[in-house]
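# Reading the structure
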Amino acid sequence: MQEEIAASGYFPALIADAVTGGVGEEEILSYCLHLEPTFTRDEVHRHLTVLVLTPTRLVLVHTDEAPVDPRPEGDEAESGPGGDGQAVLSVESIRLSGIVAVALTKVVAEPARWQPGRSGVSEAWLNVGWGTMRRLELEPAGCEDPQCTADHGYTGTLTPDDLTLRVSVAADGQQRLDRLVAFAEALQQASGVRGGR
C-alpha cells in the first residue's frame, strides 16, 4: 500500500502518515486507492481516497488539493513553505457493524462469453452506506387516469449515499479495477452486508 501511495505522486508522506494514524495497531485486511481529478472553472485539483479494511473498521482517508487565495506579489504566505499549496485531509473511521449497505456494480463486456477467473469487467462502482448521508430522488406522482389534471405531489426513493467510487479499465487500468472489486468483496464479507447489481 505504501508503494501505491508513493506511486500516486500526491503528497505521499502526508497520506501515508494519515493512513498509519487512522489504522493504528490493527491489521490491514484489504485496501484500495482511488485518485480522481476535480474540475473548477479554470483549474484541475486532485482528490485521493484511501480505503482500508481492518478486522473491526473501515478507515477512509480523503485528501484534496485546496486552492490557495491569491496574495499580493511578494507575499511569502502565498502557498506556504516550499510553494506546494495546501491540502485538506480527513480521516473517517466506521465500525463494520455500523455499515448498512455495500453494493458492487459491474459492467461486463460480452457477458455470454463470461468465464470464472477471467476478467471481463470494464467498469465497477462501489457504494457504501453507513447512515451519515442519504440521496433523495423525487419525481412528480401521478395516477392511472390520463385525463386527470390534479396535483398528486411527489414520489421518490431515499437511498444511502455515504461513499461512491467508480473505476474503469479505460480511465484507471485493469489493476485498479481488480483492486476495487477485490476490496468491495472483502468489505461485503467482513461487514456481513451483501449487495450488488
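Above this text sits the structure in question.
The shown structure was predicted, so the numbers you read here are calculated from the model rather than taken from an experiment. (Residues numbered from 1 in each chain as written. Predicted model: local features only at pLDDT ≥ 70, side-chain atom pairs only at ≥ 80, totals over all residues. Heavy atoms only, no water.)

Per the stated rule, a full pass over the model turns up 1 aromatic pair. On the numbers, 4.9 Å between centres and 35° between planes, the contact of Tyr10 with Phe11 is tilted. For Tyr10, a relative accessible area of 0% gives the class buried. Look at Phe11 and you get partly exposed, because its relative accessible area is 22%. We note Arg46 situated over the ring of Phe11; from NZ or CZ to the ring centre the distance is 5.9 Å. (Phe/Tyr/Trp six-rings, centres within 6.5 Å; stacked < 30°, edge-to-face > 60°. Buried < 20%, exposed > 50% of the residue type's maximum accessible area, 1.4 Å probe, protein only. Lys NZ or Arg CZ within 6 Å of the ring centre and 35° of its normal.)

Next up on the list: a nonpolar patch on the surface. A surface patch of nonpolar side chains, amounting to about 210 Å² of accessible area, comprises Leu14, Leu89 and Val91. Of note, Val91 is situated in strand S4 (residues 86-95). For Val91, a relative accessible area of 41% puts it in the partly exposed group. (Patch = residues over 30% accessible without salt bridge, like charges linked within 9 Å, V, L, I, M, F, W, Y side chains within 5 Å. Areas by Shrake-Rupley, 256 points an atom, 1.4 Å probe, with all protein chains shown as cover. Salt bridge = Lys/Arg side-chain N within 4 Å of Asp/Glu carboxyl O. Helix = DSSP H or I, 4+ residues; strand = E, 2+ residues; numbered from the N terminus.)

By themselves, these figures tell us nothing about what the structure is for.
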